[in-house]
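Single-letter residue listing:
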Amino acid sequence: MGKGFFISKAVAVTCAVAAVGAVATIIALSVVYAQEKSKNEEAPSSTTSPSTGPNSLAPVSYNVTLWPRLEPNKAGLYIFSGHSAVVFRCVKETDLILIHSNMLNLTNFEGHHAKLTGLGGTTAPGLKETWLEVPTEYLVVRLNSPLQAGGMYELYTDFIGELADDLGGFYRSEYTEDGVKKIVATTQMQPTDARKAFPCFDEPAMKAVFHITLIHPQETVALSNSMNYGSSSLSVNCPYTSFMPTEIMSTYLLAFVVSEFKSISPKAKADVLVRIWARRKAIDEGQGDYALEKTGPILSFFEKYYNSSYPLSKSDQIALPDFSAGAMENWGLITYRETALLYDPNVSSNGDKEWVATVISHELAHMWFGNLVTTRWWNDLWLNEGFATYVSYLGANFAEPTWNMKDLIVLNQIVGVMSVDALASSHPLSSKEEDVLTPDQISELFDSITYSKGAAVLRMLSEFITEDVFSKGLSTYLDAFKYNNTVYTDLWKHLQMAVDSSNITLPHSVEVIMNRWILQMGFPVVTINTNTGIITQKHFLLDPDSVVDRPSEFKYEWFVPLTWIKTGGAEQQYWLLNKEATNTNVTLAGTDDWLVANIKMKGFYRVNYDSDNWERLLTKLSTDHRAIPEINRAQLIDDAFNLARARIVSTTLALRTTKYLNKEVAYMPWETAERSLSYFFLMFDRSEVYGPMNTDLFEHILEGKHTLKSYVNAISMACRTGVEGCTELTTGWFREWMNNPTNNKISPNLKYTVYCSAIAAGGVEEWDFAWSMFRNTTIATEADKLMSALSCTKQPWLLNRYLEYCLDPQKIRKQDATSTIVSIASNVLGQPLAWDFVRAKWDHIFNDYGGGSFSFGGLISGLTRRFSTEFEYQQLLQFKKDNAGQLGSATTALEQALESTKANMNWVTRNKKPVLDWFQNETKPPV
């Protein structure tokens, strides 16, 4: 085990053989692979194993050697081989070893799948029987006699697996460079796929030290969580790279990559080595420069914010051509989609740049919160991901102080998730451990509630105890639990300690206040009567007729940190602790006075007012909108539209909040208005209401001055609503590019709008040109825009062809399949085609594209956003019935889709006529 790794005699012999005849070795391994696969499929299941392992064993360290083959064998398979030795301590006497193993073909040693050795003078009992328990993904080792409490043991396994393109575990990514196909061996372990790379105790609390060795081709570079000792070689054709021992860490944070990538790093030496890795051409073109420029400052920000030094000696960040999520916080080797790490200032938009900065900040935030200190089980995933989502905006704000990132969290995270959390089928942030056991149940938690609501309530907490106190509590929490695991109440205790040492006064403890926000789903609508001073709260539901069958010990009441300003005065605060209270400070004296609450949307709740105050606010928007803070102007629009959907205010009142926009130059109100109106388009773009909505009502939106972001939004809305001249403008720009494909003069910030508008107005010539550009671009952000814009065509046969492309990995990468189908479904012509396609192909999609993947819930919700008829509701019910047991991580999303469809049906029934009347009246010429 010298230098933290080992090479077994078997591998040494294999390497020697490889030097003479690598082809023969790979053929032999493929035969072994097939034989072992057959044996394992027939393995007896014996008694049913528990879904999570007992706490009788505690891993200490692993020595893992892996050899990925970057060329297929004669059977067309890419494979990897390896072996692992895990040292563990017996905590409680037991005659059973349960260790996770999934889709690995294990070598038999004298009829068993593993070898067991005693360490430090401990004698290992003999193996009675071993088998693979497929449903729970365990290798089960039953012993002749018990392991002794306090004893140290080593379990050795030897295995072969497929280096598949399934984006999970140890998998294969592909790209083409100079006409040559290149293979990357890479990983995605979170949440439960480390067991696909090697047998391991694959649970967050089972932390250990890892010694990794990778055998790889001479022309490639190998990376892992730790720094390498240096490459060595057992023979000319069998080099290997071994890595220093990791810190004590969870299996889901492991990473290893073998590739021909290139890196850049700062010229000046620093305490932490930062490297950006990507395809050689991407690095040579400078696409990694922005990430390199911002990583160091963001790391420094978090060191100060946490009052804790970065725990590792290096921070590698690598952009992968195929990656299922946006990025993954592997400790010391962060993996990204190319669009989340690479940026080309000549081609990419400002939005692309903002995304890169935010994602980098999110992943670096995890280096402490999540990696150094890890939640004990997946039921507290919200704390890990919600926290990183919240503070990512703080880190990005530090890196780009002129972008106003602290405010953009409202648009990017909070506004959207409130619509999801206003469903009766939502779920609390924190679940019980026993309710989250299977991989599918774990994957379902990777949703907007976990990330965005988690961020929203932690932001709210930080606001009412102040950011400084919040930061101090984090610092002591991280120091107390470093290299260990926690539950969410541990954080509450440390934040309470910070509150107690400050001058902050709270009505209850941090835990008591926050329990109402994390242990029950939903949020309240707070109604303020500015005439009487009466303030009430009620569980906000988009469909007030929906039935809430999930009980809450708090009876769906919250402790609400209420803030407001009156007629431009100073901000005031009040805790609403009951269902109803009276506070005369919210009453208004003069007829011109007004009140707006939830300043900067710091609280996770909606606000309704008496009709008099609504009218005063509408007047203020039309006469002096800048008197109301920008976020609250956006909030007024968003609250009004959602309150109207819930039948709390009239739909016409909501529409009136947009009439002042011809004077608005700020981005947030414009973006909110566009999102709010998009619901109207979804509900009515198949009905007679759509015509009046697309009249000259929106022609004013290009008038006046705009910030860059609001100008892009204005053009997008103008093209969408058929404003005269918009299509001519965009098709002209697009035709100019078609005539000169090597010189695209379209502004990066307008590209998607121009591409979509031109493809929608054009035919097969425009579509095929865009497809060709998509296939040939080497810039991921450009490919993303084209891939999405291709779904804008109005030609049904092109949409059907594009749907077929989505399930051909040679045309659309697996990572992009579900998002592209959703893009097609967002097109009014493509929606029924996409729905029919997914229903017909569900078995293939589920089995080949990962029913447990994070994107499956998004696929269902994206396909059904427009559903608003009884026929569509019945189709959903039939789909649920036909695919019972084969919905995986889409199970919850399907229930939410059913509820949303019902709510849409009711809303359309009630609002079709008043909306039609309003738009017709607004577009009548003056008398």
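Rules behind the numbers
- Residues numbered from 1 in each chain as written.
- Predicted model: local features only at pLDDT ≥ 70, side-chain atom pairs only at ≥ 80, totals over all residues.
- Heavy atoms only, no water.
- Helix = DSSP H or I, 4+ residues; strand = E, 2+ residues; numbered from the N terminus.
- Rg over C-alpha atoms; globule rule 2.2 N^0.38 Å.
- Buried < 20%, exposed > 50% of the residue type's maximum accessible area, 1.4 Å probe, protein only.
- Contact = heavy atoms within 4.5 Å.
- Areas by Shrake-Rupley, 256 points an atom, 1.4 Å probe, with all protein chains shown as cover.
- Pairing = 2+ DSSP bridges.
- Axes fitted to C-alpha atoms, helices over the stretch in contact; angles between N-to-C directions.
- Parallel < 35°, antiparallel > 145°, perpendicular 65-115°, else oblique.
- Nonpolar A, V, L, I, M, F, W, Y, C, P; charged D, E, K, R; others polar.
- Left-handed = near helix turned anticlockwise from the far one by under 90°.
- Salt bridge = Lys/Arg side-chain N within 4 Å of Asp/Glu carboxyl O.
- Polar contact = N/O pair within 3.5 Å; in protein donor to acceptor, adjacent residues only side chain to side chain.
- Disulfide = S-S within 2.5 Å.
- UniProt positions renumbered as here; feature names shortened; annotations may be inferred.
- pLDDT = per-residue confidence, 0-100.
- Expected span 1.5 Å × (residues − 1).
- Bend = angle between axes of the 7 residues up to and from the residue.
- Core = buried A, V, L, I, M, F, W, Y, C linked by side-chain atoms within 4.5 Å.
- Phe/Tyr/Trp six-rings, centres within 6.5 Å; stacked < 30°, edge-to-face > 60°.
- Lys NZ or Arg CZ within 6 Å of the ring centre and 35° of its normal.

Here we come to the overall build of the protein. Along its length, the protein carries 28 helices and 29 strands. A compact globule built from 927 residues should have a C-alpha radius of gyration of about 30 Å, and the protein, at 29 Å, falls within 12% of that. Here the C-alpha coordinates of the protein stretch approximately 95 × 70 × 60 Å along the principal axes. Residues classed as buried in the protein amount to 60% of the 927 residues present. Within the protein, contacts between residues separated by at least 24 positions form 73% of all contacts whose residues are at least 6 apart in sequence. Accessible area of the protein: about 35,100 Å², with a carbon and sulfur share of 51%.

Within strand S25 (residues 560–566), 6 of the 7 residues are buried, which leaves it mostly tucked inside the rest of the structure. Counting the residues that bridge the hairpin from S25 to strand S26 (residues 572–576) gives 5 residues, and of these Thr 567 lies at a positive phi of roughly 45°. Here S25 pairs with strand S28 (residues 595–597) via 3 bridges, running antiparallel. By the bridge assignment, Trp 564 is partnered in S28 with Ala 597.

Moving on, we come to the packing of helix H24 (residues 814–826) against helix H26 (residues 856–863). Two elements in contact, H24 and H26, have axes whose closest approach is 9 Å; the angle formed by their N-to-C orientations is 10°. As judged from the angle between their axes, H24 and H26 are roughly parallel. In contact with Thr 818, Ile 821, Val 822 and Ala 825 of H24, H26 contributes Gly 858, Leu 859, Gly 862 and Leu 863. Within the contact of H24 with H26, the residues separate by chemical class into 5 nonpolar, 3 polar and no charged.

Here helix H21 (residues 764–776) crosses helix H22 (residues 780–789) at 150°, and the two axes come no closer than 9 Å. As summarised for this structure, H21 and H22 are arranged roughly antiparallel, according to the angle between their axes. Every pair of crossing elements has a handedness; the one defined by H21 and H22 is left-handed. Every residue of H22 that contacts H21 at Ala 770, Met 773 and Phe 774 is listed here: Ala 783, Leu 786 and Met 787. Of the residues that constitute the contact of H21 with H22, the class distribution is 6 nonpolar, no polar and no charged.

Attention now goes to the sheet that holds strand S6 (residues 127–133). Pairing in this open sheet of 3 strands is antiparallel, and the strands run S3-S7-S6 from one edge to the other. Strands with a single pairing partner mark the edges of an open sheet, and in this sheet they are strand S3 (94–100) and S6. Neighbour-to-neighbour, the strand axes of this sheet turn through a mean angle of 20°, independent of strand direction. In this structure, S6 lies alongside strand S7 (residues 138–147), joined through 6 bridges in antiparallel fashion. Counterpart to Leu 127 in the pairing with S7 is Leu 143.

The next subject is the pattern of salt bridges. Inspection of the entire model under this criterion finds 43 salt bridges. Residue Glu 400 pairs with Lys 294 through a salt bridge whose shortest N-O separation is 3.5 Å. Residue Glu 400 is located in the loop between helix H6 (381–399) and helix H7 (405–421), and its partner Lys 294 is located in helix H3 (residues 289–306); the two are separated by 106 residues in the primary sequence. Each member of the pair, Glu 400 as well as Lys 294, carries the same accessibility label: buried.

Across the 8 residues of H26, 6 count as buried, placing the element largely inside the fold. For H26, the set of buried residues is Phe 856, Gly 857, Leu 859, Ile 860, Gly 862 and Leu 863.

The next point concerns the environment of Asp 593. The residue Asp 593 is located in the loop between strand S27 (580–582) and S28 in this model. For Asp 593, a relative accessible area of 23% translates into the label partly exposed. The spatial distance from the C-alpha of Asp 593 to the C-alpha of Thr 335 is 53 Å, given a sequence separation of 258 residues. With sequence-adjacent residues up to four places away left out, Asp 593 is seen in contact with Thr 567, Leu 588 and Arg 616. Looking at Asp 593, its side chain comes within polar contact range of the side chain of Thr 567, at 3.4 Å.

This part is about the state of the cysteines. Tallying each qualifying case throughout the model produces 1 disulfide. One disulfide in the model links Cys 756 with Cys 792; its S-S distance is 2.0 Å. Across the disulfide from Cys 756 to Cys 792, rotation about the S-S bond amounts to roughly -100°, and the bridge is consequently left-handed. Here Cys 756, found in helix H20 (residues 751–761), pairs with Cys 792, found in the loop between H22 and helix H23 (796–806); they are 36 residues apart in sequence, far enough to count as distant. Cys 792 matches Cys 756 in its accessibility class, with the two residues each being buried. Left without a disulfide partner, Cys 90 is nearest to the cysteine sulfur of Cys 200, which lies 19 Å away.

Another aspect to go through is the UniProt feature "binding site: Zn(2+)" (unreviewed entry) in the protein. According to UniProt, the positions carrying the feature "binding site: Zn(2+)" (unreviewed entry) are His 362, His 366 and Glu 385. The annotated residues occupy 24 residues of the chain but converge on a single region, no pair of C-alpha atoms lying more than 8.7 Å apart. Structurally, the position occupied by His 362 is in helix H5 (residues 350–366). Along the polypeptide, Glu 385 turns up in helix H6. Accessibility expressed as a relative area gives 1% for Glu 385, which makes it buried. The contact partners of Glu 385, leaving out residues within four places of it in the chain, are Gln 190, Glu 329, His 362, His 366, Thr 450 and Tyr 451.

Here we take up the confidence of the model for the protein. Mean pLDDT over the protein works out to 90, with 91% of the residues at or above the 70 mark. Here residues 1–52 is modelled with pLDDT under 50, and outside its nearest four sequence neighbours on either side it reaches 92 contacts, counting other chains as well.

This part covers H6. Helix length check: H6, at 19 residues, gives a terminal C-alpha distance of 27 Å against a target of 27 Å (1.5 Å per residue), a fit within 8%. The sharpest bend along H6 measures roughly 25° and falls at Val 391. Of all 19 residues in H6, 18 are buried, a share of seventy percent or more.

Summarising the sheet, S25 and S26 pair through 5 bridges and their orientation is antiparallel. Across the sheet, Trp 564 pairs through a bridge with Gln 572, a residue of S26.

Taken from the UniProt record, the annotation "site: Transition state stabilizer" (unreviewed entry) applies to Tyr 451. By the element assignment, Tyr 451 lies in helix H9 (residues 448–465).

Moving on to the nonpolar core. Ranked by internal contacts, the top residues of the largest apolar core, which has 226 residues, are Tyr 305, Tyr 306 and Trp 492. Residues Met 738, Ile 821, Tyr 849 and Ala 893 belong to the second largest nonpolar core, which totals 64 residues.

The next subject is the environment of Asp 193. Mapped onto the elements of the fold, Asp 193 is located in the loop between strand S10 (180–188) and strand S11 (209–215). Sequence-wise, Asp 193 and His 100 are 93 residues apart; in three dimensions their C-alpha atoms are separated by 9.5 Å. Once residues lying within four places of it in the same chain are set aside, the contact partners of Asp 193 are Gly 168, Gly 169, Gln 188 and Asp 202.

Under the defined criterion, the tally for this structure stands at 57 aromatic pairs. Considering the side-chain rings of Tyr 306 and Trp 368, the 5.0 Å spacing of their centres and the 40° angle between planes classify their relative orientation as tilted. Of the two residues, Tyr 306 sits in helix H3 while Trp 368 sits in the loop between H5 and strand S21 (373–375), which places them 62 residues apart along the sequence. A relative accessible area of 0% places Trp 368 in the buried class. Both rings, one in Trp 835 and one in Phe 867, keep their centres 5.3 Å apart while their planes meet at 80°; by these two values the pair is edge-to-face. With Trp 835 in helix H25 (residues 830–848) and Phe 867 in the loop between H26 and helix H27 (870–882), this residue pair connects regions lying 32 residues apart in the sequence. Each member of the pair, Trp 835 as well as Phe 867, carries the same accessibility label: buried. Against the face of Phe 559 rests Arg 516, its NZ or CZ located 4.0 Å from the ring centre. For Arg 645, the ring lying beneath its charged end belongs to Tyr 679, and the centroid distance is 3.7 Å.

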